[in-house]
Amino acid sequence: MTPIRTPGFLGRPRDPDVHLPPGQYLVHDFPVLSAGPTPRVDAEDWAFTVTTETGSRHTWSWADLMALPQETPTVDLHCVTKWSKLQTTWRGVALDTILARVDSAADFVLVRSHGGYTTNLPLEDLLDGQAWVVHEYEGEPLAAAHGGPARLLVPHLYLWKSAKWVSGLDLLTHDEPGFWEQLGYHEYGDPWREQRYAGD
Ligand SMILES: Nc1nc2c(c(=O)[nH]1)N[C@H]1C(S)=C(S)[C@@H](COP(=O)(O)O)O[C@H]1N2
Ligand SMILES: [Mo]
């Protein structure tokens, strides 16, 4: 399994404050933040489509996703609204695995969700064990409110990058702002550098 390199997971002291990026506070519940209604997507109908910069499309069904090697990352979550939740455990497939057979020279990604939500990030932030398409949370199927049947998990960036009800990726040669990024949130969103809004 790919080593997990999420800040706050490996080799850090036990003092909880050390795990908290600037301006964040700890929560022990799991808040739900959604910009619209929860789309109801059945696993049987779920599919994940990667479209490359040349227009070639690769699609994974739910069965395809389940047949890929699964990982169980334990990571910290940091929401731009200032709550952080430590040591959450998920199950899913690394983007390294999903993108291994996709030929692309793209540098940027626009992530797409059922319901129309989008978010953008550099392609390299999805690779090297930094991101997963997850379908279980703490040993249970992922609840619809938290993005079930499957969501993106990119824990080293603010949680708005972790698109719920994920439906695919557009691999792009240029950066294209997503939903919150168009509304003034930071294009990258590193919690350790407190990149909340454009210009931070
Ligand atoms: N599709 C979709 N994904 C989304 C959102 C959304 O509104 N729609 N909200 C984002 C934001 S702002 C946050 S903080 C997290 C919240 O995840 P949670 O509801 O599981 O806590 O989901 C992110 N992913
Ligand atoms: Mo958020």
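Structure's up top.
Note that the structure is a prediction, hence the values are computed from the model and not measured.

Undergrad: Can you lay out the overall build of the protein for me, pointing to particular residues and giving the numbers?
TA: Tallying secondary structure elements over the protein gives 3 helices and 11 strands in all. Reading the secondary structure of the protein in the N-to-C direction produces β-β-β-α-β-β-α-β-β-β-β-β-β-α. Computed over the C-alpha atoms, the radius of gyration of the protein is 16 Å, within 12% of the 16 Å expected from 2.2 N^0.38 for a compact globule of 200 residues. Taken along its principal axes, the extent of the C-alpha atoms in the protein is 45 × 40 × 35 Å. Across the protein, the fraction of contacts at a sequence separation of at least 24, relative to all contacts at a separation of at least 6, is 68%. Accessible surface computed for the protein: about 9300 Å², of which carbon and sulfur atoms make up 52%. In the protein, 15 side chains carry a positive charge and 27 a negative one; their mean positions are 4 Å apart.

Undergrad: Would you mind going over the pairing of strand 11 (residues 166-172) in detail, with residue names and values included?
TA: Burial of strand 11 is extensive: 7 of the 7 residues sit out of reach of the surface. Examined bridge by bridge, strand 2 (residues 47-51) and strand 11 share 3 bridges and lie parallel to one another. Looking at the pairing, Thr-49 lines up with Gly-168 of strand 11. Pairing analysis gives 6 bridges linking strand 6 (residues 108-113) to strand 11, with the strands arranged antiparallel. Counted as the bridge partner of Val-111 is Leu-169 from strand 11.

Undergrad: Run through the pattern of salt bridges, naming residues and quoting values.
TA: Within the structure shown, the criterion is met by 4 salt bridges. Note that Lys-161 and Glu-181 form a salt bridge whose closest N and O atoms lie 2.8 Å from each other. Placement of Lys-161 in the loop between strand 10 (151-153) and strand 11 and of Glu-181 in helix 3 (residues 179-182) is noted, with a sequence separation of 20 residues between them. You'll find Lys-161 and Glu-181 in the same group, each marked buried. Taking the shortest distance from any N to any O, the salt bridge between Glu-194 and Arg-196 comes out at 3.1 Å.

Undergrad: Mind laying out the site of ligand 1, listing which residues take part and the relevant values?
TA: Taken together, 19 residues lie around ligand 1, and Pro-31, Ala-35, His-146, Arg-151 and Lys-164 are the ones closest in. In this structure, an oxygen atom belonging to ligand 1 sits 2.6 Å away from a main-chain N or O atom of Pro-31. Protein chains shield 97% of the accessible area of ligand 1, which is 530 Å² for the free molecule. Mapping ligand 1 onto the cavity grids shows that it belongs to the largest pocket. For the shell around ligand 1, the residue count by class is 13 nonpolar, 4 polar and 2 charged.

Undergrad: Go over the environment of Ala-145 with me, naming the residues and quoting the values.
TA: Residue placement: Ala-145 occurs in the loop between strand 9 (140-141) and strand 10. For Ala-145, a relative accessible area of 28% gives the class partly exposed. Expressed as a C-alpha distance, the spacing of Ala-145 and Thr-51, which sit 94 residues apart in the sequence, is 26 Å. Ignoring sequence-local partners within four residues, the contact set of Ala-145 consists of Val-32, Ser-34, Thr-38, Lys-164 and Trp-165.

Undergrad: Residue-level account of the layout of surface pockets, with values.
TA: Roughly 500 Å³ of internal volume is contained in the largest pocket. Together, 29 residues line the largest pocket, and Leu-33, Ser-34, Ala-35, Tyr-117 and Trp-180 are the ones closest to its centre. Of the residues assigned to the lining of the largest pocket, the class counts are 18 nonpolar, 9 polar and 2 charged.

Undergrad: Describe in detail the sheet that holds strand 11, supporting the description with residues and values.
TA: With respect to topology, 5 strands assemble into an open sheet ordered 3-2-11-6-7, the strand pairing being mixed. At either margin of the open sheet sits one strand with a lone partner, and together these are strand 3 (57-61) and strand 7 (118-122). With direction set aside, neighbouring strand axes in the sheet form an average angle of 15°.

What counts as what
Residues numbered from 1 in each chain as written. Chains lettered and ligands numbered in written order. Predicted model: local features only at pLDDT ≥ 70, side-chain atom pairs only at ≥ 80, totals over all residues. Heavy atoms only, no water. Helix = DSSP H or I, 4+ residues; strand = E, 2+ residues; numbered from the N terminus. Rg over C-alpha atoms; globule rule 2.2 N^0.38 Å. Contact = heavy atoms within 4.5 Å. Areas by Shrake-Rupley, 256 points an atom, 1.4 Å probe, with all protein chains shown as cover. Lys, Arg positive; Asp, Glu negative; His and termini not counted. Charge placed at Lys NZ, Arg CZ, Asp CG, Glu CD. Buried < 20%, exposed > 50% of the residue type's maximum accessible area, 1.4 Å probe, protein only. Pairing = 2+ DSSP bridges. Salt bridge = Lys/Arg side-chain N within 4 Å of Asp/Glu carboxyl O. Near = heavy atom within 4 Å. Polar contact = N/O pair within 3.5 Å; in protein donor to acceptor, adjacent residues only side chain to side chain. 1 Å grid on protein atoms, 1.4 Å probe; cavity = no way out; pocket = protein on both sides within 12 Å on 5 of 7 lines; lining within 4 Å. Sits in = over half its atoms within 2 Å of the grid points. Nonpolar A, V, L, I, M, F, W, Y, C, P; charged D, E, K, R; others polar. Points joined across faces, edges and corners; volume = space filled by probe spheres on them. Axes fitted to C-alpha atoms, helices over the stretch in contact; angles between N-to-C directions.

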